[in-house]
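Here is how the chains run, residue by residue.
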Amino acid sequence: MKRNKSRGLAILAGLSAGIMLVGCASGGESDDAAVPDDCTPVHEGLSTLTEGELAVGISDMPPLVMTEGEGGFDGLDADIIKGFAEAECLVIEPVNVGATAAVTSVEQGRVDTSLGGWSRTEERDQILSLSGPMYLDGIIVVGDQEYSTFDELDGLNIGVVQGYVVQGELEAAFPGQVQSYPEATLLSEDLKTGRIDVAVDVSSSVAYYDEGLVVNVLEPDERLQTTVNPIQTALPFNKENPDLADAFSAYLETIHESGEIVELLEKWGIDASMADVGEPRFV
C-alpha cells in the first residue's frame, strides 16, 4: 500500500513482542487452559457474570480483534484482555456478538466486556463504565492520491463508518458529500469500486484497504476536533460493575508504564505513537 511519505502514518511491520510478567501471568499470551491453583489475582474479589470467567464479546474487526487464533480470538485488544484475565486469574469465555451489538451486549449484561477499541465518548460513559485510555485512534484519509489538507476534499464523495465521532464533524464540514457505512469492510469496498472518492477512517482500520491506495494523515483541521485531539479508546464494562472497569484501568496503567503497550501496537502494525494517550478525556 502506498503512503503519503511527507505526512504518512507509520504503519509498522508486526514484531514478535516480549511480554512482561504481570501478576501470575504474562500479558497478551493466553489460552483456554485452567487457571493454575497457585494463581493470585492482582485484585481480590472481582465480580464477573460467571465466577472465575470473563465473558468477552468478540467480532471481526482486524487488527483489533479477529474471531480466530489462540483461544478462539486474536488481535491487539485480544492480547490486552488476555493479559488482564491472566493477571486476575480469570478464564476467558469468548462470545461472538458482532460489531453492531458489541457495546449493547455489555450494557445488557450478556458479556463482561467487548473488544474493538471503543471511543471514549461522554454519551457512552453515561450508560457504561468505560476503562481508562488504551491507545489513541487517529484519523486517516484513504484514496487513490495524496492529500495534505481537508480543504482538498471539498467536492469529493466522502465515506465514513456510521457512528464514528468524525462522522458528524465531516457532515457539518462537508454537507451533502458524506455517505456513511455500517462497517469498515463495506466502506473499503465502495472505495475500491469507485462509489466514493475517499474513505475517512481510523488508523486501526488500515488493514481493510487494498495495496495501491494511498493512506494519508492530513493536517489537523479545527472543524474536525478528532484530528486536533485524537480519540482515546477504551473497553466498556457494565455500569453496575465499576470495580471490574477500575481493575482493567489499573492493568492498562501497568502496561503503559512498562512499555508493553508499545510492543503490542507494533506487533499489530499500528504506529507506536498511538500509545501516547495523555490524560483521560472524553469527546
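Everything below is about the structure shown above.
Here's what I pulled together on the structure shown here. (Residues numbered from 1 in each chain as written. Predicted model: local features only at pLDDT ≥ 70, side-chain atom pairs only at ≥ 80, totals over all residues. Heavy atoms only, no water.)

Focus on the nonpolar core
- Ranked by size, the top nonpolar core spans 62 residues in total, and within it Leu-76, Ile-80, Ile-81, Leu-115 and Phe-248 carry the most contacts.
- Of all the elements in the fold, those that place two or more residues in this core are strand E4 (53-58), helix H1 (76-87), helix H2 (102-107), strand E8 (128-130), strand E10 (139-143), helix H5 (184-193), helix H7 (242-258) and helix H8 (260-267).
- Apart from residues lying up to four places away in sequence, Ile-81 is in contact with Leu-54, Val-56, Phe-73, Ile-92, Thr-113, Leu-115, Leu-235 and Phe-248.
- Core analysis: the second largest hydrophobic core is formed by 17 residues, Val-141, Phe-150, Leu-153 and Phe-174 among them. (Core = buried A, V, L, I, M, F, W, Y, C linked by side-chain atoms within 4.5 Å. Buried < 20%, exposed > 50% of the residue type's maximum accessible area, 1.4 Å probe, protein only. Helix = DSSP H or I, 4+ residues; strand = E, 2+ residues; numbered from the N terminus. Contact = heavy atoms within 4.5 Å.)

A closer look at the sheet that holds strand E7 (residues 118-119)
- Sheet architecture is open: 3 strands sit in the order E7-E15-E9, paired in antiparallel fashion. The open sheet has two edge strands, E7 and strand E9 (136-137), and neither has a second partner.
- Pairing of E9 with strand E15 (residues 231-234), which is carried by 2 bridges, proceeds in the antiparallel orientation. Opposite Leu-136, over in E15, you have Gln-232 as the bridge partner. (Pairing = 2+ DSSP bridges.)

What about the packing of H1 against H8?
- The contact between H1 and H8 brings their axes to 9 Å, and the two run at 145°. Every pair of crossing elements has a handedness; the one defined by H1 and H8 is right-handed. For the pair H1 and H8, the contacting residues are Leu-76, Asp-79 and Ile-80 in the first and Ile-261, Leu-264, Leu-265 and Lys-267 in the second.
- Its residues assigned to classes, the contact of H1 with H8 comprises 5 nonpolar, no polar and 2 charged. (Axes fitted to C-alpha atoms, helices over the stretch in contact; angles between N-to-C directions. Left-handed = near helix turned anticlockwise from the far one by under 90°. Nonpolar A, V, L, I, M, F, W, Y, C, P; charged D, E, K, R; others polar.)

Quick word on H1
- When the terminal C-alpha atoms of H1 are compared, their 17 Å separation across 12 residues agrees well with the 16 Å that a helix rising 1.5 Å per residue should span.
- In terms of burial, H1 is a largely internal element, 12 of the 12 residues being buried.
- Listed as buried for H1 are Leu-76, Asp-77, Ala-78, Asp-79, Ile-80, Ile-81, Lys-82, Gly-83, Phe-84, Ala-85, Glu-86 and Ala-87.
- Following H1 by one or two positions, Cys-89 has its phi on the positive side, about 60°. (Expected span 1.5 Å × (residues − 1).)

Some remarks on the pairing of strand E12 (residues 178-181)
- Sheet topology places strand E11 (residues 158-161) next to E12; 4 bridges connect them, and they run parallel. Bridge pairing in E12 links Ile-158 to Val-178.
- You can see the chain leave E11, run along helix H4 (residues 165-173) and come back into E12, and the turn it takes is right-handed. (Right-handed = clockwise from strand over helix to strand, strands pointing away.)

Examining the pattern of salt bridges
- For the structure on display, the rule yields 5 salt bridges.
- Note that Arg-223 and Asp-221 form a salt bridge whose closest N and O atoms lie 2.9 Å from each other.
- The exposure class assigned to Arg-223 is partly exposed, which follows from its relative accessible area of 38%.
- Classification of Asp-221 by relative accessible area gives buried; the value is 12%.
- Residues joined in a network through salt bridges with shared partners are Asp-151, Asp-221 and Arg-223. (Salt bridge = Lys/Arg side-chain N within 4 Å of Asp/Glu carboxyl O.)

Concerning the environment of Glu-240
- Inspection of the secondary structure assignment puts Glu-240 in the loop between strand E16 (236-238) and H7.
- Classification of Glu-240 as exposed rests on a relative accessible area of 75%.
- Residues Glu-240 and Leu-128, 112 residues apart in the sequence, show an inter-C-alpha distance of 8.4 Å.

Notes on H5
- Within H5 the residues assigned to the buried category are Ala-184, Leu-187, Ser-188, Asp-190 and Leu-191. In an axial view of H5, the angular spread of the buried residues amounts to 160°, which keeps them on one side of the axis.
- Downstream of H5 by one or two residues, Gly-194 has phi in the positive range, about 85°. (Arc of directions from axis to C-beta.)

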